[in-house]
Amino acid sequence: MPDSTAGSALPPAPPTPRATEITADGRPVLVELGSNSCASCVAMHRVLDELQSSHGDRLQLVSINILEQPELVGQWKVIAIPTQVFLDGNRRELGRHIGFLSADAIRERFAAAGLPLGPAAADGS
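Got a sec to walk through the nonpolar core? Specific residues and values, please.
Leu-30, Leu-51, Leu-59, Ile-106 and Phe-110 are the most contacted members of the largest nonpolar core, which has 14 residues in total. Contributing elements (two or more residues each) for this core: α1 (39-55) and α3 (103-112). In terms of nonpolar packing, the next biggest core, distinct from the first, is built from 11 residues, Val-29, Ile-66, Leu-72 and Leu-87 among them.

Structure below.
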């Protein structure tokens, strides 16, 4: 019997998101709403990993898979994925974006809102 997974075009699943809840610690928050099955969402998981490495001490990252938690679609007013929601340290929404967004663009959005994250951490190599 042939292998049913041969020729599968699905990318490997991204790592498990680092958080699904916002904590009240005063840091700005980026909420990423997406799934493990859309290409832009998978690309956003790589951006979240980069931001966690470079700014994890200054930025809270929350990743929500809306296929696993569909009840949050209405709560977060998601109309398409991926959606990024920018919150200040008091959990007030600063803005949102639909689609892929680079780490640099995310840093620029927070800086424009008066919450600069600082430069990316230098690569230790």
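Provide a residue-level description of the sheet that holds strand β2 (residues 60-65), including the pertinent values.
The strands making up a sheet associate through backbone hydrogen bonding, with each pair oriented either parallel or antiparallel. Strand order in the open sheet formed by four strands is β2-β1-β3-β4, and the pairing between neighbours is mixed. In this open sheet, the two edge strands, each paired with only one partner strand, are β2 and β4 (93-98). For this sheet the average axis-to-axis angle between neighbouring strands, irrespective of direction, equals 15 degrees. The sheet contact formed by strand β3 (residues 83-87) and β4 spans five bridges and is antiparallel. Across the sheet, residue Thr-83 finds its bridge partner in β4, namely Ile-98. Its contacts with the sheet put α3 on β1 (29-34), β3 and β4, and the angle it makes with β3 is roughly 30 degrees.

Definitions and limits used
Residues numbered from 1 in each chain as written. Predicted model: local features only at pLDDT ≥ 70, side-chain atom pairs only at ≥ 80, totals over all residues. Heavy atoms only, no water. Core = buried A, V, L, I, M, F, W, Y, C linked by side-chain atoms within 4.5 Å. Buried < 20%, exposed > 50% of the residue type's maximum accessible area, 1.4 Å probe, protein only. Helix = DSSP H or I, 4+ residues; strand = E, 2+ residues; numbered from the N terminus. Pairing = 2+ DSSP bridges. Axes fitted to C-alpha atoms, helices over the stretch in contact; angles between N-to-C directions. Contact = heavy atoms within 4.5 Å.

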